[in-house]
Amino acid sequence: MPSGLVVLIAENDSDMRGYVRRCLELHGLPIGDILEARDGLEALTLAGARSIDLLISDGAMPRLDGFELCSALRRSGDGHRTAVLLITGQYDAAEASARASAVGADGLLLKPFNATTLCGKIDEVLESRPSVDGTAIDSADEQ
C-alpha cells in the first residue's frame, strides 16, 4: 500500500479532472495515490473500497452530485475522516455555502478558480480534518 495521502477526484469533465490532478501533483503534498471518478456513484464505490484521505468533488455530476456524494460519504463507516472539498459553479456563493455546510463538506471552491486558489483550499481542508490517529493531517509533512 502506498504511503502518503489517498486522494479521490470526482469530476465528470475529463479536462477538469486532469487540471485538478496536475495541481495536486505539482503542489508538493505527500500523495500516495490519486484516484479518479467520472461521477458521484463511481466515486462512492471507490470510497467504499478504499480509505480516502481527501475527496475533491464537482458539485454537479450525473448519477450522484457532489453534495449527495459528500452526504453519503459522511454516513458511511470511514467517511467521517475524509477531508471533502466541493467545487461548483452551479449556485451563488450563499446557496453553495449553505448546501456544502449541510452535507458536512470541509471546504467549498466556486468556479472559476486558479491553481493557487485550489491549492490553498486543499491545504485548508486537510488541516481542518483529524487523521486516523486523531491528530490533524499536516499538508506540509515531509514526503
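Cut-offs used in this document
Residues numbered from 1 in each chain as written. Predicted model: local features only at pLDDT ≥ 70, side-chain atom pairs only at ≥ 80, totals over all residues. Heavy atoms only, no water. Pairing = 2+ DSSP bridges. Helix = DSSP H or I, 4+ residues; strand = E, 2+ residues; numbered from the N terminus. Axes fitted to C-alpha atoms, helices over the stretch in contact; angles between N-to-C directions. Contact = heavy atoms within 4.5 Å. Core = buried A, V, L, I, M, F, W, Y, C linked by side-chain atoms within 4.5 Å. Buried < 20%, exposed > 50% of the residue type's maximum accessible area, 1.4 Å probe, protein only. Right-handed = clockwise from strand over helix to strand, strands pointing away. Expected span 1.5 Å × (residues − 1). Polar contact = N/O pair within 3.5 Å; in protein donor to acceptor, adjacent residues only side chain to side chain.

Enquirer: Looking at this structure, how should I read the sheet that holds strand S4 (residues 83-88)?
Expert: Think of a sheet as strands paired side by side through backbone hydrogen bonds, with each pair either parallel or antiparallel. A sheet is described by the order of its strands in space; here five strands give the open sequence S2-S1-S3-S4-S5, paired in parallel fashion. Every other strand in the sheet has two partners, leaving strand S2 (31-37) and strand S5 (107-110) as the edge strands with one partner each. Each strand of the sheet is rotated relative to its neighbour by a mean of 15°, with strand direction disregarded. Set on the sheet, helix H3 (residues 66-75) makes contact with strand S1 (5-10), strand S3 (54-58) and S4; between it and S4 the angle comes to about 165°.

Enquirer: I would appreciate a short explanation of the nonpolar core in the present structure.
Expert: The tendency in soluble globular proteins is for nonpolar side chains to be buried side by side. Grouped together as the largest cluster of nonpolar side chains are 22 residues, with contacts concentrated most on Leu8, Ala10, Leu55, Leu69, Val84 and Leu86. Of all the secondary-structure elements, those providing two or more residues to this core are S1, S2, helix H2 (40-49), H3, S4 and helix H4 (93-103). Tallying contributions element by element places H3 first for this core, with four residues. Residues within four places of Leu86 in sequence aside, it is in contact with Ser57, Gly66, Phe67, Ala100, Val103, Ala105, Gly107, Leu108 and Leu109. Counting 20 residues, the second largest nonpolar core, distinct from the first, contains Leu29, Ile34, Ile56 and Ala83.

Enquirer: Where do I start with the pairing of S3 in this structure?
Expert: When a strand is regular, its side chains alternate between the sheet's two faces. Most of S3 is tucked away, with five of its five residues classed as buried. Of the two faces of S3, the one holding Leu54, Ile56 and Asp58 and the one holding Leu55 and Ser57 are both buried throughout. Direction of pairing for S1 relative to S3: parallel, over a ladder of four bridges. Opposite Leu8, over in S3, you have Leu55 as the bridge partner. When S3 meets S4, the two strands line up parallel, connected through five bridges. Within S4, the residue paired with Leu55 across the bridge is Val84. Following the backbone out of S3, through H3 and into the adjacent parallel S4, one traces a crossover that is right-handed.

Enquirer: Whenever I open this one, unusual backbone geometry confuses me. Can you help?
Expert: Trans peptide bonds make up most of the peptide bonds, and negative phi angles are found at most residues other than glycine. That bond from Lys111 to Pro112 is cis: its omega, -5°, falls within 30 degrees of zero. Its location among the elements puts Pro112 in the loop between S5 and helix H5 (115-128). Although it is not a glycine, Arg63 sits at a positive phi angle of roughly 70°. Position of Arg63 among the secondary structure elements: in the loop between S3 and H3. Of the residues examined, Arg63 reaches a relative accessible area of 59% and is grouped as exposed.

Enquirer: What is the right way to read helix H1 (residues 14-27) from this model?
Expert: Note that an α-helix has 3.6 residues per turn; residues three or four places apart therefore point the same way. Look at H1: 20 Å from first C-alpha to last across 14 residues, which is about the 20 Å you get at 1.5 Å a residue. The N-cap residue of H1 is Asp13: its side-chain oxygen and the backbone nitrogen of Asp15 are 3.1 Å apart. Following H1 by one or two positions, Gly28 has its phi on the positive side, about 95°.

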